Amino acid sequence: SADIMKDVTLGFGEALQHCREESQLTEEKLDEFFHFWRDDFKFEDHELGCAIKCMSRHFNLLTDSHRMHHENTDKFIQSFPNGEMLSKQMVQIIHTCEQKFDSVEDHCWRILRIAECFKLACIAADIAPTMELLMAEFIMEAE
Ligand code: M21
C-alpha cells in the first residue's frame, strides 16, 4: 500500500504547477510535492495550506464549504493502480482529521492542519510511501 500512496501522491502533486501562483508558494518552499512525506517536512506556512486547497480543487475534491467531497475523492484515489484497496481508508482518515479541526475557520490553516493529521495517521497505519520509493519514481518520470 506504500506503493499505492506513492502513485496517489505523485498524481496529486501534478496539480502543484497549476497552484503556485494562486497560493503564492515560492519554489524554495515546496519544489516538489513528494517532500510532503519527508520526516523534516514543516506544516507551518499558510501558503502551503492554500496550495493544498488549490490542488484539491483542481481535481474537484472539495465541496462548496471547502470540505472533502467524499465521492470524488474516493473516485480520484481509485483512478490509480490498486487505488480501491486504499480509497475507503484514506477517505476515512481525512474525514476524521477534518472533524478534529472543524473549528478552524480559515480554509488554508484548517487544510494545513488536516494535511499534517493525514500524514501522521498514514504513518501510524503503515500506508505512507517511503522517500526512496517516491524519489526513484520521480527520477524515472523526469528522464
Ligand atoms: C495523497 C498524497 C498527498 C496528499 C496530501 C494532502 C492530503 C491532505 C488532505 C487535505 C484534505 C483537505 C480536506 C478539506 O477539508
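Before reading on, note that the structure itself is shown above.
The notes below deal with the structure included here. In this text, all values refer to a predicted model and were calculated from it rather than measured experimentally. (Residues numbered from 1 in each chain as written. Predicted model: local features only at pLDDT ≥ 70, side-chain atom pairs only at ≥ 80, totals over all residues. Heavy atoms only, no water.)

Here's the deal with the packing of aromatic side chains
Thinking step 1. Tallied over the entire structure, the rule returns 9 aromatic pairs.
Thinking step 2. Ring geometry for Phe 36 against Phe 41: centres 5.8 Å apart, planes inclined by 55°, an arrangement best described as tilted.
Thinking step 3. Members of the aromatic cluster, connected to one another through ring pairs, are Phe 36, Trp 37, Phe 41, Phe 43 and Phe 118. (Phe/Tyr/Trp six-rings, centres within 6.5 Å; stacked < 30°, edge-to-face > 60°.)

Focus on the side chain of His 35
Thinking step 1. Mapped onto the secondary structure, His 35 falls in the loop between helix H2 (16-23) and helix H3 (46-58).
Thinking step 2. Residue classification places His 35 among the buried positions, given a relative accessible area of 17%.
Thinking step 3. If sequence neighbours within four positions are ignored, His 35 has contacts with Phe 41 and Met 131. (Helix = DSSP H or I, 4+ residues; strand = E, 2+ residues; numbered from the N terminus. Buried < 20%, exposed > 50% of the residue type's maximum accessible area, 1.4 Å probe, protein only. Contact = heavy atoms within 4.5 Å.)

A word on the environment of Asp 126
Thinking step 1. Looking at the secondary structure, you find Asp 126 in the loop between helix H6 (107-124) and helix H7 (131-142).
Thinking step 2. Using a relative accessible area of 64% as the deciding quantity, one classes Asp 126 as exposed.

Notes on H6
Thinking step 1. Compared with the 26 Å implied by 1.5 Å per residue over 18 residues, the 25 Å span of H6 between its first and last C-alpha is a close match.
Thinking step 2. Regarding H6, the residues found buried are Cys 108, Arg 110, Ile 111, Leu 112, Ile 114, Ala 115, Cys 117, Phe 118, Lys 119 and Cys 122.
Thinking step 3. Buried residues belonging to H6 abut helix H1 (2-13), H3 and helix H5 (87-100).
Thinking step 4. Here H6 starts with a cap whose side-chain oxygen sits 3.1 Å from the backbone nitrogen of Cys 108, and that cap is Asp 106. (Expected span 1.5 Å × (residues − 1). Polar contact = N/O pair within 3.5 Å; in protein donor to acceptor, adjacent residues only side chain to side chain.)

Any functional reading would require information beyond the geometric quantities listed.
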